[in-house]
Amino acid sequence: MSAINQKAAAVRLMIFDVDGILTDGSLHFSADGEIIKTFNVLDGQGIRLLQDAGIQTAIISARQSPVVLKRASDLGISHIRQGIHDKASAFAALLEELQLTPAECGFIGDDVIDLPVLRQVGFAASVPNGHAEVRSRVDYVTTAQGGRGAVREICDLILKAQGHYDDMLARFLG
């Protein structure tokens, strides 16, 4: 088993940044100033499959958005930390709440604000359109762009590393 697969096999909590990871990082504003975000359905299905395999999911985001709350609710993500610029503190609180160690966690982020968490987790990931300083310090950089299947790629990697992927796929093949 490769080092990346070993790290992914240990993940019990997968944490996602939002802008640039669950979305492509673009912020669209309506005429009244409302922020509009676009999410990828493949990413959402990947998150649900992780949860079905017993892996907890969370969001830590520097921005505050009701759209993110709606998307998280739709996906069953119960651990949501928004408007958090000190992501390390939010991460520490999650560890305490869930009684996990950093080695049992994964995080995917794309900008330097994510580095304090990325440097602690057992499995750190980013996207090809992430900041160069982040990409150079993670275990895995997806081939898919943020908001364009990167989250699903990470979810599938974890499911495969933990031996759940074939069983998951069999459910859909009959």
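Residues numbered from 1 in each chain as written. Predicted model: local features only at pLDDT ≥ 70, side-chain atom pairs only at ≥ 80, totals over all residues. Heavy atoms only, no water.

Caption draft 1: Focus on the overall build of the protein chain. For the protein chain, the count of helices and strands is 8 helices and 8 strands. Seen through its C-alpha atoms, the protein chain measures out along the principal axes to roughly 50 × 35 × 30 Å. Evaluated residue by residue, the protein chain yields a buried proportion of 48% over its 174 residues. Looking at the protein chain alone, contacts between residues at least 24 apart form 55% of all its contacts between residues at least 6 apart. For the protein chain, the accessible area works out to roughly 8100 Å², and carbon and sulfur atoms hold 51% of it. In the protein chain, 16 side chains carry a positive charge and 21 a negative one; their mean positions are 2 Å apart. (Helix = DSSP H or I, 4+ residues; strand = E, 2+ residues; numbered from the N terminus. Buried < 20%, exposed > 50% of the residue type's maximum accessible area, 1.4 Å probe, protein only. Contact = heavy atoms within 4.5 Å. Areas by Shrake-Rupley, 256 points an atom, 1.4 Å probe, with all protein chains shown as cover. Lys, Arg positive; Asp, Glu negative; His and termini not counted. Charge placed at Lys NZ, Arg CZ, Asp CG, Glu CD.)

Caption draft 2: Inspection of empty space enclosed by the protein at higher detail. Taken as a whole and assessed by the stated rule, the structure comprises 1 cavity of 30 Å³ or more. Here the lining of the largest cavity takes 4 residues from helix H3 (residues 66–75), the largest share from any one element. Residue classes in the lining of the largest cavity are distributed as 7 nonpolar, no polar and 1 charged. (1 Å grid on protein atoms, 1.4 Å probe; cavity = no way out; pocket = protein on both sides within 12 Å on 5 of 7 lines; lining within 4 Å. Points joined across faces, edges and corners; volume = space filled by probe spheres on them. Nonpolar A, V, L, I, M, F, W, Y, C, P; charged D, E, K, R; others polar.)

Caption draft 3: Quick look at the pattern of salt bridges. What the rule picks out here adds up to 11 salt bridges. Of the charged contacts in the structure, one is a salt bridge between Asp74 and Lys70, with a shortest N-O distance of 2.8 Å. With Asp74 and Lys70 both in helix H3, this residue pair falls 4 residues apart, about one helical turn. Taking relative accessible area as the criterion, Asp74 reaches 35% and is therefore assigned partly exposed. Measuring nitrogen to oxygen at the nearest pair gives 2.5 Å for the salt bridge that ties Lys87 to Asp114. Here Lys87 is found in helix H4 (residues 87–98), whereas its partner Asp114 is found in the loop between strand E6 (105–108) and helix H5 (115–118), with 27 residues between them in sequence. (Salt bridge = Lys/Arg side-chain N within 4 Å of Asp/Glu carboxyl O.)

Caption draft 4: Layout of the pairing of strand E1 (residues 13–16). Side chains of E1 alternate between two faces, with Leu13 and Ile15 and Met14 and Phe16 buried alike. Bridging between E1 and strand E4 (residues 56–60) involves 4 bridges; their strand directions are parallel. In the strand pairing of E4, Phe16 is matched with Ile59. Relative to E6, E1 is paired through 4 bridges, and the arrangement is parallel. Note that in E6 the partner of Leu13 across the bridge is Cys105. (Pairing = 2+ DSSP bridges.)

Caption draft 5: Here's a closer look at the sheet that holds strand E7 (residues 123–126). In spatial order, the strands read E5-E4-E1-E6-E7-E8; together these 6 strands make up an open sheet with parallel pairing. Each edge of the sheet is formed by a strand with only one pairing partner; in this case those strands are strand E5 (79–81) and strand E8 (140–141).

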